[in-house]
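The residues making up each chain are set out below.
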Amino acid sequence: LASALLIAITPGPGIFYVAARTLSGGRTEGLASSFGTGIGGLVHVIAGALGVSAIVMTSATAFTALKILGAIYLIWLGIRTIRDARKSVATTVTPMGSARAFREGILVEALNPKTAAFFLAFIPQFIDPAGSVATQFVVLGLISVALNTGVDVVVTNESFEDIHSLRNSSKKA
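In this numbering scheme, every chain counts its residues from 1 along its sequence in written order. Where local features are concerned, this predicted model is filtered to residues with pLDDT of at least 70; where side-chain atom pairs are given and counted, the filter is 80 or more; whole-chain, interface and lining totals use all residues. Excluded from the side-chain calculations are hydrogens and water; all other atoms, namely the structure's heavy atoms, are used.

1. Considering the packing of aromatic side chains
Then comes step 1: Each aromatic pair joins two rings of Phe, Tyr and Trp (for Trp, the six-membered one) with centres within 6.5 Å, and gets the label stacked for planes under 30 degrees apart, edge-to-face for over 60, and tilted for any other angle. A complete count under the given rule lists 3 aromatic pairs for this structure.
Then comes step 2: Each ring, one from F118 and one from F119, has its centre 6.0 Å from the other, and the planes form 75 degrees; the classification is edge-to-face. F119 matches F118 in its accessibility class, with the two residues each being buried.
Then comes step 3: When the ring of F118 is compared with that of F122, the centres are 5.1 Å apart and the planes differ by 15 degrees; the resulting orientation is stacked. Taken together, the positions of F118 and F122, both in helix α5 (residues 113-122) and 4 residues apart, correspond to about one turn of that helix.
Then comes step 4: Remark: exposure states derive from per-residue accessible area (1.4 Å probe, protein chains only) relative to the maximum for the residue type, with buried under 20%, exposed over 50%, and partly exposed in between. According to the relative accessible area criterion, F122 is buried, its value standing at 10%. Think of it this way: any DSSP run of H or I at least four residues long counts as a helix, any run of E at least two long counts as a strand, and we number them from the N terminus.

Below is the structure:
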């Protein structure tokens, strides 16, 4: 749970998308995009559960190799996140409506190959191959998606509050 929470609060494409939608379209658009990225995350949970289960059923060695590769990937992802945090990107985002923000949120997360690789790297570290692998993967994946969605909702509310604070301070000036 602690690891999943730490990962959920680490900025990535989903959080940046949600923040951009909130800043351009307000709280409603931000929340819609938050729940869209949550649904997109479920795509990876289901795909991962099916894939990891298949690997475990065919080979314990392949499952161990997947866990080792996953650990290497997580280390690489951490290093890359630290390097990318030093860069800043300025973009202009326009409002699009909550239905479209929801649909695009699904696509942002479902089509993100880093999310798929992350689920295959992270969750198997906590799975007991002697138990129901698919069930464990789904439960752990749902916890991760719920935490990520919760963080996205917090980002939406904080971004929305920041917008109002800036608007109020500029009106007073």
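Now that the structure has been shown, we can carry on.
2. Section: the environment of G150
Then comes step 1: Position of G150 among the secondary structure elements: in helix α6 (residues 133-172).
Then comes step 2: On the accessibility criterion, G150 (32% relative accessible area) is partly exposed.
Then comes step 3: For the pair G150 and I9, spaced 141 residues apart in sequence, the C-alpha separation works out to 9.6 Å.

3. Here we look at the pattern of salt bridges
Then comes step 1: The rule for a salt bridge is simple: a side-chain nitrogen of Lys or Arg has to be within 4 Å of a carboxyl oxygen of Asp or Glu. Taken as a whole and assessed by the stated rule, the structure comprises 2 salt bridges.
Then comes step 2: Here E104 ties to R100 by a salt bridge, and the two come within 2.9 Å at their closest N and O atoms. One end of the pair is E104 and the other is R100, both in helix α4 (residues 98-110) and 4 residues apart, which spans about a single turn.

4. What about the environment of T149?
Then comes step 1: Within the secondary structure layout, T149 lies in helix α6.
Then comes step 2: Judged by its relative accessible area of 12%, T149 is buried.
Then comes step 3: Residues T149 and I15, spaced 134 residues apart in sequence, show a C-alpha to C-alpha distance of 9.3 Å.
Then comes step 4: Excluding residues that lie within four positions of it along the chain, T149 makes contacts with S34, F35 and G38. Contact definition: two residues touch when any of their heavy atoms are within 4.5 Å.

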